Amino acid sequence: LSSSSAASDVYKRQLCYIDGVPTQGLDANRDEIILTDCAEGNETYRIAIEGYGGSRPRIEYYHKFQYAFLAEKDDLAWSLYWDFKVAFDSAMSMPIDSTSRVRILDLVDRNVKRIDLNEVDDIEAYRAQIGDVQKDFQQAISSYQTSDGNGELALIGHAHIDTAWLWTLAES
């Protein structure tokens, strides 16, 4: 389930309940809700979204829920999407005249074009096609693991949870 109402206003804070149980928060950075990891069909869910639009004295705000849509997540297609996205974003961070940039962008482009989005009626054939593309793409992109001039990468993590961020004591 995805909601545009959370993303439309960075001041909005929402809490999603599924079948009466608080499930997750929604805001400008989190606008998707996973209802189940494995749908069997004919399930029903009672979804409630409690919203917070900010406290501004003497000013009335009206917030309107814009839309929601349901989608089935295909893990294989999702995985291939991220393979393409990481390669594309990495290439775009390289100098514009970089040979590696041109080669990676060409590799992504050629493999995206191999997927026939007009013939998705046969889901097994479609999934086999995605699997073949992903296998070939991963094999081809692996040649860049030791390419000269790619620099070094440092991964540093940090987490901070502040339940009263930018809220007055009365609001928290």
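Data block above holds the structure.
These numbers come from a predicted model, not from an experiment.

S.K.: Help me out: how do you make sense of the packing of helix H2 (residues 75–92) against helix H4 (residues 123–141) in this one?
M.R.: Angle between the axes and distance between the axes: these two values describe a pair of packed helices. Remark: H2 packs on H4, axes separated minimally by 10 Å, with the N-to-C direction vectors making an angle of 30 degrees. On the basis of their axis angle, the class for H2 and H4 is roughly parallel. Where H2 crosses over H4, the handedness of that crossing is left-handed. Of H4, the residues touching H2 (which contributes Leu76, Ala77, Ser79, Leu80, Asp83, Phe84 and Ala87) are Arg127, Ile130, Gly131, Val133, Gln134, Phe137, Gln138 and Ile141.

S.K.: Got a minute to help me understand a nonpolar patch on the surface in this structure?
M.R.: On the surface, a nonpolar cluster with roughly 310 Å² of combined accessible area is contributed by Tyr45, Ile47, Ile49 and Phe65. Along the chain, Tyr45 turns up in the loop between strand E3 (21–26) and strand E4 (47–52).

S.K.: What exactly am I supposed to notice about the pattern of salt bridges here?
M.R.: It is possible for side chains of opposite charge to pair when their charged atoms get near one another. By the definition in use, this model includes 5 salt bridges. Between Asp89 and Lys85 there is a salt bridge; the shortest N-O distance is 2.8 Å. In this pair, Asp89 and Lys85 both sit in helix H2, 4 residues apart, roughly one turn of the helix. Residue classification places Asp89 among the partly exposed positions, given a relative accessible area of 37%. Among the residues examined, Lys85 registers a relative accessible area of 29% and is labelled partly exposed. Residue Arg110 pairs with Asp106 through a salt bridge whose shortest N-O separation is 2.8 Å.

S.K.: What should I look at first to understand the pairing of E3 in this one?
M.R.: The side chains of a regular strand alternate, first on one face of the sheet and then on the other. As defined by bridge partners, strand E2 (residues 13–18) adjoins E3 across 5 bridges and the pair is classed as antiparallel. Counterpart to Gln14 in the pairing with E3 is Leu26. With antiparallel pairing between neighbouring strands as the criterion, E2 and E3 make up a hairpin whose turn holds 2 residues, including Asp19 at a positive phi of roughly 55 degrees.

S.K.: Explain unusual backbone geometry here, please?
M.R.: Residues other than glycine predominantly adopt negative phi, and peptide bonds predominantly adopt the trans conformation. Although it is not a glycine, Asp19 sits at a positive phi angle of roughly 55 degrees. Mapping Asp19 onto the fold places it in the loop between E2 and E3. With relative accessibility at 43%, the residue Asp19 sits in the partly exposed group. Backbone geometry places Asn42, a non-glycine residue, at a positive phi of 65 degrees. Take Asn42: it is sitting in the loop between E3 and E4. Given the relative accessible area of 82%, Asn42 is considered exposed.

What counts and how
- For every chain, the first residue of the written sequence is number 1, and numbering continues from 1 along that sequence.
- Local features in a predicted model are, by the rule used here, given only for residues with pLDDT of at least 70; side-chain atom pairs are given and counted only at 80 or more, and totals for whole chains, interfaces and linings are based on all residues.
- The basis for every side-chain value is the complete set of heavy atoms in the structure, and neither hydrogens nor water enter the calculation.
- Comment: axis = line fitted to C-alpha atoms, over the contacting stretch for helices; angle = value between 0 and 180 degrees taken between N-to-C directions.
- Helix and strand assignments come from DSSP, with helices taken as H or I runs of at least 4 residues and strands as E runs of at least 2, each series counted from the N terminus.
- An angle below 35 degrees is treated as roughly parallel, one above 145 as roughly antiparallel, one from 65 to 115 as roughly perpendicular, and anything else as oblique.
- Rotating anticlockwise by less than a right angle from the far helix to the near helix defines a left-handed crossing, while the corresponding clockwise rotation defines a right-handed one.
- Should any heavy atoms of two residues lie within 4.5 Å, those residues are counted as being in contact.
- Only residues whose relative accessible area exceeds 30% and that form no salt bridge are eligible for patches; like-charged ones are grouped when within 9 Å, while nonpolar side chains (Val, Leu, Ile, Met, Phe, Trp, Tyr) are grouped when within 5 Å.
- We get accessible surface area from the Shrake-Rupley algorithm with a probe of 1.4 Å; when it comes to residues, only the shown protein chains can shield them.
- A side-chain nitrogen of Lys or Arg and a carboxyl oxygen of Asp or Glu constitute a salt bridge if their distance falls within 4 Å.
- Burial status follows relative accessibility: with a 1.4 Å probe on protein chains alone, a residue under 20% of its type maximum counts as buried, one over 50% as exposed, and anything between as partly exposed.
- Whether two strands pair depends on DSSP finding at least two bridges between them.

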